[in-house]
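# Reading the structure
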Amino acid sequence: MKLISTAIKNKVLQSMIDILDRRRDDIIKANKKDLELFDKSDRAMYDRLIVDDKKVDGMIKSVQEVMQQEDPVGKVKSEKNLDNGLKIQNKTAPFGTIMIIYESRPDVTIEAAVLAFKANNKILLKGGKEAIHSNIILEECWHQALEENNLDSDWIKLLHLNREETQAFLKKPTEKLDLIVPRGGERLIAFVKEHAQCAVLISGRGNNFLYVAKDANWEQSIKVILNAKTDKISACNALDKILVDTRIPEYENKIKELASILKDQGVSLVVDETIGQVLTTEAKIVEESLWYQEFLEMKCLIGAVASIEEAIAKINQYSGGHSATIMTQDQELAMEFMDQVDSAAVYHNASTRFTDGGQMGVGAELAISTDKLHHRGPLGLEQLVTNKYYVFGDGQIRV
């Protein structure tokens, strides 16, 4: 797609803000069709699917934030003047065409598209069938905003493909694809990695850990654990695993208190062998695969470790590389943990729920990347560009 000016992009976004506000009742009505057809037993997925007035306000806010952000395209990253007279600039440039595959959340149809468009990328949206009515009307809103500003509706396109058709498209795209972002669980990510023929940026999987060190402030730890675990179970930044140092004072009493507080909040527990000696009535880990699992439900695994080294090793072995927290009053211990844990976001005395573009000051996000190329963490506007070199000469030849 051709480069378009910042002014025109922002006019499209202003149109989109007005359209979302004007059509909010239609959007909520379409979403109700999706909710009526959905199996509510999958609570995490159902929560992600809901669009109400507050969610529409959030969509509008996302578009407003991106409209106010600086255009990321054409920024000079570096500049050199060589002895042979060549002037070399490294500048930011659009990827081209980005495809995002996601489940359930209709607001992704807004957030992904606004970021891609402002960064001058075409975006192909492959939402889940459970959100089809919501996504169709949101695509209509985008097309209306584009057409009001004399732009091709192909900038933002919803793909209507089943699993087999998606597989065929990934293997042999009918148009050029430059980047694919699968935003969802392990099965979705594995499916895309198996079949895609272009670059894939991995995102979406959580399985986040919190380590309570021997000197942790216990009351603060409880507060952080409850927020990370129960605030929003459907989020990829929710807490799944708690590791408690066996050297913490009054270890057994604190384990029992933690279990009681979590269960009072409706959280079911699974414990390792060591914790099971204290919490004798709780379910024990039957298979190692449970350590790798992202729960996305009111469920938590509590394990014991005897040192920070053991905690770090366990987290690096089992976590999804998303977010990890240490609760400690020792700054040096915290830095050791944060340096050694291999996750996109590492925390000291804070909830994993802050791994979010808006909360981290990035603004709207395409996803939380757990990849190391080309970016790790929230994929905001600045991360949806690549680069290219501009070389200015006057007849130079290489000898």
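Now for a quick tour of the structure. Computed from a prediction, not measured in an experiment: that's the story for all the values here.

Moving on, we get to the overall build of the chain. Within the chain, the regular secondary structure consists of 14 helices and 17 strands. Compactness check: the chain gives a C-alpha radius of gyration of 24 Å against a globular reference of 21 Å for 399 residues, within 12% of the reference. A burial count over the chain gives 54% of its 399 residues as buried. Looking at the chain as shown, the accessible area adds up to about 18,700 Å², and 46% of this sits on carbon and sulfur atoms.

Right, let's get into the packing of helix α4 (residues 53-68) against helix α5 (residues 107-118). The N-to-C vectors of α4 and α5 enclose an angle of 10°; their axes lie 10 Å apart at closest approach. Relative to α5, the element α4 lies roughly parallel. Residues Lys-55, Met-59, Ser-62, Val-63, Val-66 and Met-67 of α4 lie in contact with α5, whose contacting residues are Asp-107, Ile-110, Glu-111, Val-114, Leu-115 and Lys-118. Considered class by class, the residues forming the contact of α4 with α5 number seven nonpolar, one polar and four charged.

Let us look at the sheet that holds strand β1 (residues 76-81). Spatially, the three strands line up as an open sheet ordered β1-β2-β17, and their pairing is antiparallel. Every other strand in the sheet has two partners, leaving β1 and β17 (385-392) as the edge strands with one partner each. Direction aside, neighbouring strands of the sheet carry axes that sit 20° apart on average.

Now for the nonpolar core. Residues Leu-20, Ile-100, Phe-117, Ile-123, Ile-156 and Leu-366 are the most contacted members of the largest nonpolar core, which totals 53 residues. When residues of this core are assigned to their parent elements, the largest contribution, eight residues, is made by α5. Those residues within four positions of Ile-100 in sequence are excluded, and the remaining contacts are Val-108, Ala-112, Ile-123, Leu-124, Leu-125, Lys-126, Val-181, Arg-183 and Leu-366. By size, the runner-up hydrophobic cluster in this structure holds 28 residues, among which are Val-224, Val-244, Ile-255 and Leu-279.

Okay, the side chain of Ser-351 next. Residue placement: Ser-351 occurs in the loop between β14 (345-348) and β15 (368-369). Overall, the relative accessible area of 4% leaves Ser-351 in the buried class. Among the polar contacts made by the side chain of Ser-351, one reaches the side chain of Asn-227 at a distance of 2.7 Å. For Ser-351, the residues in contact, after removing those within four places along its chain, are Val-224, Asn-227, Ala-228 and Thr-325.

Mapped onto the secondary structure, Arg-48 falls in helix α3 (residues 43-49). Although buried, Arg-48 forms no salt bridge, and the nearest oppositely charged side chain, Glu-103, lies 4.9 Å from it. At 2.4 Å, the side chain of Arg-48 forms a polar contact with the backbone oxygen of Ser-234. Apart from the residues within four sequence positions on either side, Arg-48 is in contact with Lys-55, Ser-104, Arg-105, Pro-106, Asp-107, Ser-234, Ala-235, Cys-236 and Leu-296.

Rules behind the numbers
- Residues numbered from 1 in each chain as written.
- Predicted model: local features only at pLDDT ≥ 70, side-chain atom pairs only at ≥ 80, totals over all residues.
- Heavy atoms only, no water.
- Helix = DSSP H or I, 4+ residues; strand = E, 2+ residues; numbered from the N terminus.
- Rg over C-alpha atoms; globule rule 2.2 N^0.38 Å.
- Buried < 20%, exposed > 50% of the residue type's maximum accessible area, 1.4 Å probe, protein only.
- Areas by Shrake-Rupley, 256 points an atom, 1.4 Å probe, with all protein chains shown as cover.
- Axes fitted to C-alpha atoms, helices over the stretch in contact; angles between N-to-C directions.
- Parallel < 35°, antiparallel > 145°, perpendicular 65-115°, else oblique.
- Contact = heavy atoms within 4.5 Å.
- Nonpolar A, V, L, I, M, F, W, Y, C, P; charged D, E, K, R; others polar.
- Pairing = 2+ DSSP bridges.
- Core = buried A, V, L, I, M, F, W, Y, C linked by side-chain atoms within 4.5 Å.
- Polar contact = N/O pair within 3.5 Å; in protein donor to acceptor, adjacent residues only side chain to side chain.
- Lys, Arg positive; Asp, Glu negative; His and termini not counted.
- Salt bridge = Lys/Arg side-chain N within 4 Å of Asp/Glu carboxyl O.

Don't take any of this as a statement about function, it's just geometry.
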